[in-house]
Amino acid sequence: AGWTLEYIVHSVTHRFAGQSTSDLADTFGSFISNPVRPLAWQMLFMVLTALIVLAGIKKGIEKYTKLLMPILFLLVVILCVRSVTLEGGSQGLAFLFKPDFSKITGESILFALGQAFFSLSLGMGALITYSSYFSKKENLATTAMEVSISDTIIAILAGVMIFPAVFAFGIEPSAGPSLVFITLPGIFQQMPGGDFFGAIFFILLAVAALTSTISLLEVVVAFFSEELKISRKKATLIATVAISVL
């Protein structure tokens, strides 16, 4: 989460301009090995998360999620359009939407289930915590279906956003974190308006991370508040400080 903030600043200040792949790798390596900057960005992200959770469900989480999620969706769509219009981008779409069924094994099905499990935040208890705030008028089955469909649509759009660009520039699709923080900045520099699209992409990542950190911190705050019988303000402070220290 903190890394995305650093890369938003880099994009806005044209830090990536003229850098080769090796230069970008050096930039990333020196940043994540720096003893201060990654921690400083992480603390800032924790503060942002805590402020939203501190405001409560209605004025905090609900208010900001209603703003952040449409922004996230809009940014994904913009980058999807840019990605699929790149020369060679059709190979990425083929990679994404033309599966080789002969390679599907029990292990791959297990990986898919694991991805769905964590993508929906089931393991962390976020959905259980959120659902505890529902009124009795809410239809849980309908809401569960809406969440699952929305999550799947966003995941597919994320694939459309990433893979055409990856194939257009001949990048290995399984590159991991280096794909996001080394390869993609290099790709953006080869596009017209690269810094603009780079800034959009990292803002998108920051928004996605923030909606996740809010839900994760809320689980801990709700537990502390209810089990320890303390105020939401005190519970948020204890949880944020404890997580930050860890």
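The structure presented is a predicted model; accordingly, all values stated were derived computationally and were not measured. (Residues numbered from 1 in each chain as written. Predicted model: local features only at pLDDT ≥ 70, side-chain atom pairs only at ≥ 80, totals over all residues. Heavy atoms only, no water.)

**Quick look at the overall build of the protein**
Step number 1: A tally of helices and strands in the protein yields 11 helices and 0 strands.
Step number 2: For the protein, the N- to C-terminal ordering of α and β elements is α-α-α-α-α-α-α-α-α-α-α.
Step number 3: The C-alpha radius of gyration of the protein comes to 20 Å, within 12% of the 18 Å expected for a compact globule of 246 residues.
Step number 4: With the principal axes as the frame, the protein shows a C-alpha extent of 55 × 45 × 30 Å.
Step number 5: Expressed as a percentage of its 246 residues, the buried residues of the protein come to 35%.
Step number 6: Pairs at least 24 residues apart make up 71% of the contacts formed inside the protein by residues separated by at least 6 positions.
Step number 7: Both charge centroids of the protein, one from 15 positive and one from 15 negative side chains, sit 13 Å from each other. (Helix = DSSP H or I, 4+ residues; strand = E, 2+ residues; numbered from the N terminus. Rg over C-alpha atoms; globule rule 2.2 N^0.38 Å. Buried < 20%, exposed > 50% of the residue type's maximum accessible area, 1.4 Å probe, protein only. Contact = heavy atoms within 4.5 Å. Lys, Arg positive; Asp, Glu negative; His and termini not counted. Charge placed at Lys NZ, Arg CZ, Asp CG, Glu CD.)

**Focus: empty space enclosed by the protein**
Step number 1: Going through the model one piece at a time under the given rule, you end up with 1 cavity of 30 Å³ or more.
Step number 2: Quantified by volume, the largest cavity comes out at close to 80 Å³.
Step number 3: Considering the residues around the largest cavity, the lining is formed by L79, R82, S83, M161, I162, A165, L184, F188, M191 and F201.
Step number 4: Those elements that provide at least two residues to the lining of the largest cavity are α4 (56-84), α8 (140-168) and α9 (177-189). (1 Å grid on protein atoms, 1.4 Å probe; cavity = no way out; pocket = protein on both sides within 12 Å on 5 of 7 lines; lining within 4 Å. Points joined across faces, edges and corners; volume = space filled by probe spheres on them.)

**Let's talk about the packing of aromatic side chains**
A ring pair, where both rings are aromatic, is described by two values, the distance of the centres and the angle of the planes.
Step number 1: For the structure shown, the criterion picks out 16 aromatic pairs.
Step number 2: Aromatic pair Y7 and F16: ring centres 5.3 Å apart, planes at 35°, arrangement tilted. Assigned by exposure class, Y7 and F16 land together as buried.
Step number 3: Judged by centre distance (6.2 Å) and plane angle (55°), the rings of F223 and F224 are tilted.
Step number 4: Sitting above the plane of the F197 ring, R82 keeps its charged end 5.8 Å from the centroid. (Phe/Tyr/Trp six-rings, centres within 6.5 Å; stacked < 30°, edge-to-face > 60°. Lys NZ or Arg CZ within 6 Å of the ring centre and 35° of its normal.)

**Observations concerning the layout of surface pockets**
One way to see where empty space is left: roll a probe the size of a water molecule over the atoms.
Step number 1: Its volume calculated, the second largest pocket comes out at about 170 Å³.
Step number 2: As for the second largest pocket, its lining consists of M43, M46, V47, A50, L51, L54, K233, T236, L237, T240, V241 and S244.
Step number 3: Residue assignment for the lining of the second largest pocket shows that the elements contributing at least two residues are α3 (37-54) and α11 (232-245).
Step number 4: Here the lining of the second largest pocket is built from residues that sort into 8 nonpolar, 3 polar and 1 charged. (Nonpolar A, V, L, I, M, F, W, Y, C, P; charged D, E, K, R; others polar.)

**Some details on a nonpolar patch on the surface**
Step number 1: A cluster of nonpolar residues, F117, F118, L122, M124, L127, V147 and L216, forms a patch on the protein surface that exposes about 570 Å² of accessible area.
Step number 2: Among the structural elements, F117 can be located in helix α6 (residues 106-119).
Step number 3: Residue F117 is classed as partly exposed on the basis of its relative accessible area of 39%. (Patch = residues over 30% accessible without salt bridge, like charges linked within 9 Å, V, L, I, M, F, W, Y side chains within 5 Å. Areas by Shrake-Rupley, 256 points an atom, 1.4 Å probe, with all protein chains shown as cover. Salt bridge = Lys/Arg side-chain N within 4 Å of Asp/Glu carboxyl O.)

**Quick notes on the side chain of E6**
Step number 1: Inspection of the secondary structure puts E6 in helix α1 (residues 2-12).
Step number 2: Residue classification places E6 among the buried positions, given a relative accessible area of 4%.
Step number 3: In contact with E6, not counting residues within four places along its chain, are F31, R37 and W41.

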